[in-house]
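Spelled out from the first residue to the last, the chains are:
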Amino acid sequence: MFFRSADLFPLLYLAHAASIISRSQSYPLGPPTLGPQSKLVIANHYIAPDGFNRSATLAGGTFPGPIIAAQKGDRFSINVVNKLTNNSMLLSTSVHWHGIFQNGTNYVDGTSFVTQCPIAQNDSFLHSFTAPGQTGTYWYHSHYSTQQCDGLRGALIIYDPEDPLSYLYDVDDETTVITLADWYHVVAPVLTHIIEVGVDSALINGLGRYPGGPMTDLAVVNVECGKRYRLRLVAMSCHANFVFSIDNHNLTVIEADAQETEPLVVDSIQIFAGQRYSVILNANQPADNYWMRSLPNIDNATFNGGQNSAILRYKGASVADPTTEQTNSTMPLVENNLHALINPGAPGIPEYGMADINLRMMVNLTEGGVYLINGVEYKSPTVPVLLQILSGAQQATDLLPIESVYVLETKKVIELTMLIGLQESGPHPIHLHGHNFDVVQSAGNSSFNYINPVRRDVVSAGIQGQQMVIRWVTDNPGPWFLHCHIDWHLAAGFAVVMVEKPLNHTTTISNAWSNLCPIYDSLTQAEIGGANSYQEAENITTALFPNYT
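Calculation criteria
Residues numbered from 1 in each chain as written. Predicted model: local features only at pLDDT ≥ 70, side-chain atom pairs only at ≥ 80, totals over all residues. Heavy atoms only, no water. Helix = DSSP H or I, 4+ residues; strand = E, 2+ residues; numbered from the N terminus. Buried < 20%, exposed > 50% of the residue type's maximum accessible area, 1.4 Å probe, protein only. Salt bridge = Lys/Arg side-chain N within 4 Å of Asp/Glu carboxyl O. Disulfide = S-S within 2.5 Å. Pairing = 2+ DSSP bridges. Axes fitted to C-alpha atoms, helices over the stretch in contact; angles between N-to-C directions. 1 Å grid on protein atoms, 1.4 Å probe; cavity = no way out; pocket = protein on both sides within 12 Å on 5 of 7 lines; lining within 4 Å. Points joined across faces, edges and corners; volume = space filled by probe spheres on them. Nonpolar A, V, L, I, M, F, W, Y, C, P; charged D, E, K, R; others polar. Core = buried A, V, L, I, M, F, W, Y, C linked by side-chain atoms within 4.5 Å.

Caption draft 1: Quick peek at unusual backbone geometry. Residue Pro64 follows Phe63 across a cis peptide bond; omega there is -15°. By the secondary structure assignment, Pro64 is in the loop between β2 (54–59) and β3 (65–71). Of the consecutive residues Gly426 and Pro427, the connecting peptide bond is found in the cis state with omega at 0°. As for its position among the elements, Pro427 is in the loop between β23 (413–420) and β24 (429–432). In this structure, Asn343 is a non-glycine residue whose phi angle is positive, near 45°. Along the chain, the position of Asn343 falls in the loop between β19 (309–314) and β20 (357–365). Here Asn343 falls in the exposed class, since its relative accessible area comes to 63%.

So, in structure tokens, the structure goes:
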């Protein structure tokens with residue numbers, strides 16, 4: 001099921017590849033990294049990252065898309081050019097810069113029907129923005145229905161020449177970006193109609209294997225004895241979370257979602273869709289090949305035959321699959337044990353329920369597979385929320401979608417408690433656009449921490465019967481999406497919009513932005529894409545959402 005709006009169906013190293021090489025070859029694959037001022041072409045290409053060949057929606061012609069790399073303080077000017085042609089998938093697009101605050105540039109956040117209309121086929125849109133003070137590991141992806149599940153995902157890194165933790169590592173470049181992704185053999189418009197979507201495979205740096213599939217090449221990450229590497233883990237997943245580990249090696253966490261943390265030694269990390277971690281790998285083991293593992297939370301997941309795996313290869317080791325064995329994790333990452341390194345402490349009075357504005361959201365799942373927040377399903381509006389505001393709407397009751405928009409006063413401490421009610425799905429990774437937040441209570445934990453909690457922009461709300469509590473300050477005017485980062489759940493209604501006052505904030509919006517909606521609204525059903533998707537879904541299962549097209 002797509003967002004139920006009437007019109008939704010109407011460059012330059014495969015840098016994410018972290019020194020990927022074929023097991024039998026010794027040269028890097030893919031194009032170079034893109035800089036902060038670039039053209040990002042979105043087009044359809046056939047790829048077989050796990051051995052199954054299919055057409056995909058790609059940025060820069062690769063999966064994942066090229067890394068966009070910048071230095072602290074750089075201005076971004078990225079022209080997203082839509083060259084999509086395959087009408088079995090969506091033909092319009094958008095790109096969201098996940099984790100970038102977009103303070104003063106809300107209109108280039110890239111969130112379809114919240115901050116903009118999608119970019120139509122053969123059109124383009126220039127995203128021009130700065131990220132003052134922001135450094136760390138980010139990513140970009142489509143934010144138009146479930147399009148990112150067809151492949152439009154890539155890493156975005158802002159390097160800090162004055163990183164306070166740089167003394168802990170020797171190498172931090174495009175070869176140490178590690179992407180973790182789930183992959184699907186059926187196009188997203190078809191899967192969006194299905195109530196329970198299954199993952200076909202999991203990829204590390206764009207390569208993997210699926211059960212019963214061919215023994216395709218796996219990603220290889222090359223290291224040298226005696227060096228310390230900052231691995232930037234990016235979970236660019238549509239659904240799955242992963243437990244990441246490297247045989248015979250501990251990892252030191254120093255960053256969560258572009259926020260420095262006090263160093264914490266672990267031997268495995270559960271990473272949810274949308275989250276990022278930087279970890280220090282000390283290459284202190286004998287020169288050999290070691291399994292890098294990323295176990296997804298999907299049925300019957302295994303490491304058999306190299307599934308859900310990549311290879312850590314020391315300089316001097318033979319070109320061969322590892323023979324290392326996985327051991328039980330004794331130091332898994334526990335979110336409560338992570339603490340912000342810079343200016344720790346949640347805003348406001350350090351007591352539960354004592355923020356300026358206290359919000360409580362109960363999430364339930366209907367028998368028909370629809371998610372409700374406080375009894376309301378998010379249905380994407382036909383007019384973006386930002387355009388509604390710029391057209392004069394001021395109150396929550398004036399803004400669509402009805403009962404899914406929360407208007408918040410400026411300069412207030414917000415405390416959000418999200419509870420997971422009756423449902424069997426989860427855990428649910430929750431992302432807030434335009435901000436990071438302090439996690440004062442992690443899901444599944446009874447204690448609160450207002451003194452030095454982890455600060456991030458995606459947090460697990462847990463499973464049935466659990467809750468999480470976060471705090472932030474409304475210091476960024478505009479509409480910001482709050483949603484589950486499992487794309488299938490977002491499409492099924494798991495979202496709200498937080499609108500921060502003042503609503504009459506001045507910002508210079510380009511003519512190109514103003515033209516997006518008239519162009520998109522003029523598209524025919526055929527020009528939208530996703531042709532015959534419901535009929536194809538009926539051939540897969542009877543467990544479908546109603547056909548709203």
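Read on for the rest.
Caption draft 2: Seen up close, the pattern of salt bridges. With the rule as written, the count across this model stands at 16 salt bridges. Across the salt bridge formed by Arg230 and Glu255, the nearest N and O atoms sit 3.0 Å from each other. One end of the pair, Arg230, is in strand β12 (residues 228–235); the other, Glu255, is in strand β14 (residues 251–256), and 25 residues separate them in sequence. Residue Arg230 shares its accessibility class with Glu255, and that shared class is buried. Residues joined by salt bridges that share partners form a network here, namely Asp163, Asp172, Arg230, Arg232 and Glu255.

Caption draft 3: Geometry of the state of the cysteines. Taken as a whole and judged by the stated rule, the model has 2 disulfides. Put simply, Cys117 and Cys517 are joined by a disulfide, and their sulfur atoms are 2.1 Å apart. One disulfide, between Cys117 and Cys517, carries an S-S torsion of 95° and so falls in the right-handed class. Taken together, the positions of Cys117 in the loop between β5 (96–98) and β6 (124–130) and Cys517 in helix α4 (residues 511–521) put the pair 400 residues apart, joining distant regions of the chain. Pair check on accessibility: Cys117 and Cys517 agree, each one buried. Residue Cys149 pairs covalently with Cys238 via a disulfide, S to S 2.2 Å. Linking Cys149 and Cys238, the disulfide has an S-S dihedral of approximately -120° and is accordingly described as left-handed. With Cys149 in the loop between β7 (136–141) and β8 (153–159) and Cys238 in the loop between β12 and β13 (242–246), the pair connects residues that are 89 residues apart, well separated along the chain.

Caption draft 4: Local environment of the sheet that holds strand β29 (residues 478–484). Strands sit in the order β22-β30-β29-β24-β27 across an open sheet of 5 strands; the sheet is mixed. Edge positions in the open sheet fall to β22 (405–408) and β27 (458–460), since each of these has one partner strand only. Neighbour-to-neighbour, the strand axes of this sheet turn through a mean angle of 20°, independent of strand direction. Bridge count for β24 against β29 is 3 bridges, and the pairing is antiparallel. Pairing of Ile430 across the sheet is with Cys484, part of β29.

Caption draft 5: Spotlight on the layout of surface pockets. What the largest pocket holds in volume is close to 730 Å³. As for the largest pocket, its lining consists of 38 residues, and the residues nearest its centre are Glu196, Val197, Gly198, His239 and Asp299. Elements that contribute at least two residues to the lining of the largest pocket include exactly β10 (201–204) and α3 (487–491). With 3 residues, α3 is the single largest residue contributor to the lining of the largest pocket. Tallied by class, residues from the lining of the largest pocket come to 18 nonpolar, 14 polar and 6 charged.

Caption draft 6: View of the nonpolar core. Met361 and Met498 are the most contacted members of the largest nonpolar core, which has 80 residues in total. Counting residues in each nonpolar core, the second largest holds 38 residues, with Ile68, Ile119, Leu516 and Cys517 among its members.

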